[in-house]
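# Understanding the architecture of this molecule
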Amino acid sequence: MASITSAGVGSGLDLESIIKASIDAENVPKMQAFIKKEESIQKELTSIDAISSAISQLESTVEKLSDIENFNKRTATLTQPSSGDLISVSTTSNSTAGKFDVEVVQLAQGSRAVSATGYSASSDVVTTTGGTLTLAAGASNFSVNLSAGATLEDVRNAINDENTNFGVIANIINTGTESKLVLTSNETGLGNDLVVTNDIAELDGVSTVANGGGAGGLAIAVEDQASDAIIKVDGITIQNDSNTFTNAVQDMTITAIKESENNETSRINIDYDKTAVNTLIDEFIANYNNLIGNIGFQTRIGNPLNGDASMRALQNQLNSSLSTPLSGVEPFETLFDIGLGIDKEGYLEKSSLVRSVNESLDDYYDQVGEVFAGENGIAAQFQGLIDNYIDSKGIIKERETSLNSQLDDLEDDVANHEYRMEQLEVRLRKQYSSLDVLLAEMQSTQSYLSAQLSSLPGFTSSKK
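This one's a predicted model, so the numbers in the text were calculated from it and none came from an experiment.

## Overview of the overall build of the chain
- Scanning the chain for helices and strands turns up 8 helices and 19 strands.
- Relative to a compact globule of 464 residues, whose C-alpha radius of gyration would be 23 Å, the chain shows 46 Å and is clearly more extended.
- Along the three orthogonal principal directions, the C-alpha set of the chain runs to about 160 × 75 × 40 Å.
- In the chain, buried positions account for 38% of the 464 residues.

Shown next as structure tokens:
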């Protein structure tokens, strides 16, 4: 008899259901256990990740607090006159706090040279043979080469298009009867007038110095000569070859924008950047409280880290770090003395029981910086604590590694279990297939015998 390929076909029994029930009895409880275990690990991993993220946010702020330069910033407040802005100011961390009145007496300017004798048109030929013009102002210079037959326009274009041009602009002004070449230099400062020389007398008309010596055809009027900028700081006159005054007031840069009208002044007020420090302290409070809140939430009853010893230890260490005794930053003995406190829920807050943060910054600005960024300051305390939890060998990192390893092992266990279930099905099908064939053969034999018996004389089949 041919083998039976579908369980129960030969015998008529529902062997497929029997095989499925047998496999399910072995498979379902085990898979449910796997799923439950995976869900538990994933929930714990999610909780650990949330704590790790909150610690990393706090670490970012602690790194800023550990840098004393963040407490050395200065801010400049400018009060300008009603006529408009006279100056702009930039400071450094070394700028001294104080107030200064600044008057702009004179702006620096570059020189302006105009051809004394005009040309009948801008297209007039300046040189029939060609030649070279050299333009210089102060320590800067460049040269342009003119071809034979170069016109006044060619001179203008050659100067403006020269790659090494240090800042000379050439223009042509048409008076209606003649055209004049005008050169403007951006090289400011007394004595830095534009000087234009040539290598051929034919170009004397567009030079300040003639080829043979003496004055050329370009002239600089007295009012167009290069000049220094002059300002007065609290009545003290300061002169500079540009409009940017570096260290006119030590560690400060003042840029003159326009000349004062009627001796008006701008008021500069240099102070510590207390706003930036206040913002940094607020960020520290927010990220500390975010971590405390995460620990509280993840350790609630029913949550994965409920009763977790490492979370209790972390919270205790955070509280302890806040209470670290300070030395050498009188009058502050702890962080709480600068104007911080802890509420009944364990959250950090600004407080004024001793003094407010603003009062501390007003009266003891440098000491506040040392409280956070000093060698044994709060930032150092927190950094050591944070490293113990989230660096490459920290408690949180090792916990995450362990949980991920458990997920990998669980994945292997599921794969091994599925393989065993496949083998169980093969074995059951083989066993039930043999039974199916045997029952089918028995049923066939019974049918044959019944047919033979019914053909015997006197045999009757009883049917009800």
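Don't stop here, the text continues.
## Topic: the packing of aromatic side chains
- The full count for this structure, using the stated rule, is 8 aromatic pairs.
- Residues phenylalanine 71 and phenylalanine 372 carry aromatic rings whose centres are separated by 6.0 Å and whose planes lie at 10 degrees to one another, so their mutual orientation is stacked. Of this pair, phenylalanine 71 sits in the loop between α1 (15-65) and β1 (74-79) while phenylalanine 372 sits in helix α6 (residues 365-373), and the two are 301 residues apart along the sequence.
- In this structure phenylalanine 71 comes out as buried when scored by relative accessible area, which is 2%.
- Arranged with centres 6.1 Å apart and planes meeting at 80 degrees, the rings of tyrosine 288 and phenylalanine 382 form a pair that is edge-to-face. Separated by 94 residues along the polypeptide, tyrosine 288 in helix α3 (residues 274-298) and phenylalanine 382 in helix α7 (residues 378-390) bring together distant segments of the chain.
- Look at tyrosine 288 and you get buried, because its relative accessible area is 0%.

## A look at the environment of threonine 117
- The residue threonine 117 is located in the loop between β4 (112-115) and β5 (125-127) in this model.
- On a C-alpha basis, the gap between threonine 117 and alanine 219 in space is 9.8 Å, while along the polypeptide they are 102 residues apart.

## Here we look at the side chain of serine 260
- Looking at where serine 260 falls in the secondary structure, it is placed in the loop between β16 (252-256) and β17 (266-272).
- The exposure class assigned to serine 260 is buried, which follows from its relative accessible area of 16%.
- In terms of polar contacts, serine 260 uses its side chain to reach the backbone carbonyl oxygen of glutamate 264, at 2.9 Å.
- Contacts of serine 260, omitting those with residues within four sequence positions, involve Leu86, Glu103 and Val104.

## A short note on unusual backbone geometry
- The omega angle of the peptide bond from glutamate 330 to proline 331 is 15 degrees, so this bond is cis rather than trans.
- By the secondary structure assignment, proline 331 is in the loop between α4 (309-322) and β18 (340-342).
- One non-glycine residue, aspartate 234, lies in positive phi territory at about 50 degrees.
- By secondary structure assignment, the location of aspartate 234 is in the loop between β13 (229-233) and β14 (236-240).
- Phi is positive for asparagine 263, close to 60 degrees, though the residue is something other than glycine.
- Residue placement: asparagine 263 occurs in the loop between β16 and β17.
- Given the relative accessible area of 56%, asparagine 263 is considered exposed.

## Section: the sheet that holds strand β6 (residues 131-137)
- The 3 strands are arranged β7-β6-β11 in an open sheet whose pairing can be described as antiparallel. The sheet is open, and its two edges are formed by β7 (140-146) and β11 (195-198), each paired on a single side. Ignoring strand direction, the axes of neighbouring strands in this sheet form an average angle of 20 degrees.
- Pairing of β6 with β7 involves 7 bridges; the strand directions are antiparallel.

## Looking at the packing of α1 against α7
- Here α1 crosses α7 at 150 degrees, and the two axes come no closer than 10 Å. The orientation of α1 relative to α7 falls into the category roughly antiparallel. Judged by the sense of rotation from one axis to the other, the crossing of α1 with α7 is left-handed. Here α1 contributes Ser52, Ile55, Ser56, Leu58, Glu59, Val62, Glu63 and Leu65 to the contact with α7, which in turn contributes Ala379, Phe382, Gln383, Ile386, Asp387, Tyr389 and Ile390.

## Here's the deal with the nonpolar core
- Ranked by internal contacts, the top residues of the largest apolar core, which has 48 residues, are Phe284, Leu318 and Phe372.
- Of all the secondary structure elements, the ones that give two or more residues to this core are α1, α3, α4, α5 (357-363), α6, α7 and α8 (395-454).
- Core analysis: the second largest hydrophobic core is formed by 24 residues, Ala150, Leu152, Val168 and Leu194 among them.

## A few points about the packing of α3 against α4
- The contact between α3 and α4 brings their axes to 10 Å, and the two run at 155 degrees. On the basis of the axis angle, α3 is roughly antiparallel to α4. Crossing hand, α3 versus α4: left-handed. Along its contact with α3, which presents Phe284, Tyr288, Leu291, Ile292 and Ile295, the element α4 presents Met311, Leu314, Gln315, Leu318, Asn319 and Leu322.
- For the contact of α3 with α4, a count of residues per class yields 9 nonpolar, 2 polar and no charged.

## Topic: the side chain of threonine 127
- Within the secondary structure, threonine 127 is located in strand β5.
- At a separation of 2.9 Å, a polar atom in the side chain of threonine 127 contacts the side chain of glutamate 202.

## Some words on empty space enclosed by the protein
- The full count for this structure, using the stated rule, is 1 cavity of 30 Å³ or more.
- Approximately 30 Å³ is the volume found for the largest cavity.
- Listing elements by their share of the lining of the largest cavity, those giving two or more residues are α1, α4 and α7.
- With 3 residues, α7 is the single largest residue contributor to the lining of the largest cavity.
- Tallied by class, the residues present in the lining of the largest cavity amount to 8 nonpolar, no polar and no charged.

About the criteria used
Counting restarts for each chain: residues are numbered from 1 in the order of the written sequence. Totals for whole chains, interfaces and linings use all residues, but because this is a predicted model, local features are given only for residues with pLDDT of at least 70 and pairs of side-chain atoms are given and counted only at 80 or more. Think of the side-chain values as coming from all heavy atoms in the structure, minus any hydrogens and water. The way it works is that DSSP assigns letters per residue, a run of H or I at least four long becomes a helix, a run of E at least two long becomes a strand, and they are numbered from the N terminus. Two things to know: the radius of gyration comes from C-alpha atoms, and the globule rule equals 2.2 Å times the number of residues to the power 0.38. When a residue's accessible area, from a 1.4 Å probe over protein chains only, is under 20% of the maximum for its type it is buried; when over 50% it is exposed; and in between it is partly exposed. Stacked, tilted and edge-to-face are the three classes applied to pairs of Phe, Tyr and Trp rings, where Trp contributes its six-membered ring and a pair requires centres within 6.5 Å; stacked means planes under 30 degrees apart, edge-to-face means over 60, and tilted covers the rest. Contacts described as polar in this section are N or O atom pairs within 3.5 Å, which, within protein, must combine one atom able to donate a hydrogen with one able to accept it, while residues neighboring in sequence count only if both atoms come from side chains. For this analysis, residues touch if any pair of their heavy atoms sits within 4.5 Å. We call two strands paired when DSSP finds no fewer than two bridges between them. An axis is simply a line fitted to the C-alpha atoms; with a helix, the fit covers only the stretch in contact. Between two such axes, the angle follows the N-to-C directions and lies from 0 to 180 degrees. Between 65 and 115 degrees an angle is taken as roughly perpendicular, under 35 as roughly parallel, over 145 as roughly antiparallel, and anywhere else as oblique. Handedness of each helix crossing follows the sense of rotation of the near helix against the far helix: counterclockwise by less than a right angle gives left-handed, clockwise gives right-handed. Definition used in this section: a nonpolar core is a set of buried Ala, Val, Leu, Ile, Met, Phe, Trp, Tyr and Cys residues joined via side-chain atoms within 4.5 Å. Polarity classes work like this: nonpolar for Ala, Val, Leu, Ile, Met, Phe, Trp, Tyr, Cys and Pro, charged for Asp, Glu, Lys and Arg, and polar for all others, with Gly in that last group. Buried and open spaces are told apart on a 1 Å grid over the protein atoms alone, a cavity being a set of points where a 1.4 Å probe fits but cannot get out and a pocket being an open set with protein on both sides within 12 Å along at least five of seven lines. Residues with an atom within 4 Å of a point are the lining residues. Grid points are joined across faces, edges and corners, and a volume is the space filled by probe spheres set on the points.

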